[in-house]
Amino acid sequence: LGGSTSFSIGRYSRWEEPREGAQEAHVMLFSGGDRCPARNREGMVLMACGSVNKIITVQETSQCQYEITFVTPAACTESAVEELRKRVAEREAMIAKIDASPEQPRSEL
C-alpha cells in the first residue's frame, strides 16, 4: 500500500435528517472541498450513538464524495441509551451465570 494523502471535504454546510430506518442520530453535510477531477470534494458525516468519540469508517461512495461514520455519546438518544443499558444488563447476567456454574473438567490436549 502506498502512503496517505490528505485533502479537505469542505466546510460544514448543513444538518440533514437521517435516512429512513438508519441508526444515525445526526447527519452533517460538508461541501466546497478540495478540487478533484470531476468537481469539488463533498462529505457526509453519519453520527451514531457510541460510548466514545471514534471514526468507524471512511468511504469514497462515488468519485469525490465521501461518507464518514462517527460514533459519539453526543448522538445518543434516550431510547438508544436504554437499549445499551439493557444489552449490558443481559451480558452481565450471562457472565454471572457462567461464574456461578461449577467448573467443567477440561479434556487434555
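First, a word on scope: everything that follows refers to the structure included in this document. (Residues numbered from 1 in each chain as written. Predicted model: local features only at pLDDT ≥ 70, side-chain atom pairs only at ≥ 80, totals over all residues. Heavy atoms only, no water.)

1. Remarks on the packing of aromatic side chains
And then number 1: Summed over the entire model, instances satisfying the criterion amount to three aromatic pairs.
And then number 2: Here Phe7 and Tyr66 contribute two aromatic rings whose centre-to-centre distance is 5.1 Å and whose plane-to-plane angle is 40°, an arrangement assigned as tilted. Here the residue Phe7 occupies a position in the segment before β1 (10-16), and Tyr66 occupies one in strand β5 (residues 65-72), the gap between them amounting to 59 residues.
And then number 3: Given the relative accessible area of 34%, Phe7 is considered partly exposed.
And then number 4: Ring centres of Tyr12 and Phe30 lie 6.3 Å apart, and the angle between their planes is 80°; on these two criteria the pair is classed as edge-to-face. (Phe/Tyr/Trp six-rings, centres within 6.5 Å; stacked < 30°, edge-to-face > 60°. Helix = DSSP H or I, 4+ residues; strand = E, 2+ residues; numbered from the N terminus. Buried < 20%, exposed > 50% of the residue type's maximum accessible area, 1.4 Å probe, protein only.)

2. Some thoughts on the pairing of strand β4 (residues 54-62)
And then number 1: In this structure, β4 lies alongside β5, joined through seven bridges in antiparallel fashion. Looking across to β5, one finds that Ile55 is bridged to Phe70.
And then number 2: Between the end of β4 and the start of β5, which pair antiparallel, lie two residues, with Cys64 showing a positive phi angle near 75°. (Pairing = 2+ DSSP bridges.)

3. Quick notes on the side chain of Thr72
And then number 1: Along the chain, Thr72 turns up in strand β5.
And then number 2: For Thr72, the side chain forms a polar contact with the side chain of Asn53, separated by 2.5 Å.
And then number 3: The contact partners of Thr72, leaving out residues within four places of it in the chain, are Met47, Ala48, Cys49, Gly50, Val52 and Asn53. (Polar contact = N/O pair within 3.5 Å; in protein donor to acceptor, adjacent residues only side chain to side chain. Contact = heavy atoms within 4.5 Å.)

4. A short note on the pattern of salt bridges
And then number 1: Throughout the structure, instances matching the rule amount to three salt bridges.
And then number 2: Of the charged contacts, one joins Arg85 and Glu82 as a salt bridge, the two residues approaching to 2.8 Å between their closest N and O atoms. Of this pair, Arg85 and Glu82 both sit in helix α1 (residues 78-100), three residues apart, which is roughly one turn of that helix.
And then number 3: For the salt bridge of Glu83 with Arg87, the shortest nitrogen-to-oxygen distance reads 3.7 Å. Placement of both Glu83 and Arg87 in helix α1 is noted, with a separation of four residues, approximately one turn of the helix. (Salt bridge = Lys/Arg side-chain N within 4 Å of Asp/Glu carboxyl O.)

5. Things to note about the state of the cysteines
Among covalent bonds in proteins, the disulfide is the one between the sulfur atoms of two cysteines.
And then number 1: Summed over the entire model, instances satisfying the criterion amount to two disulfides.
And then number 2: Between the sulfur atoms of Cys36 and its disulfide mate Cys64 the distance is 1.5 Å. Its torsion about the S-S bond being 130°, the disulfide of Cys36 and Cys64 is classed as right-handed. One end of the pair, Cys36, is in the loop between β2 (26-32) and β3 (42-49); the other, Cys64, is in the loop between β4 and β5, and 28 residues separate them in sequence. Here Cys36 matches Cys64 in class, with each residue buried.
And then number 3: Two residues share a disulfide in this structure: Cys49 and Cys76, whose sulfurs sit 2.0 Å from each other. Across the S-S bond linking Cys49 and Cys76, the dihedral sits near 90°, which makes this disulfide right-handed. (Disulfide = S-S within 2.5 Å.)

6. Some details on the pairing of β5
Regular strands place their side chains on alternate faces of the sheet.
And then number 1: Within β5, six of the eight residues are buried, which leaves it mostly tucked inside the rest of the structure.
And then number 2: Bridge count for β3 against β5 is eight bridges, and the pairing is parallel. By the bridge assignment, Met44 is partnered in β5 with Glu67.

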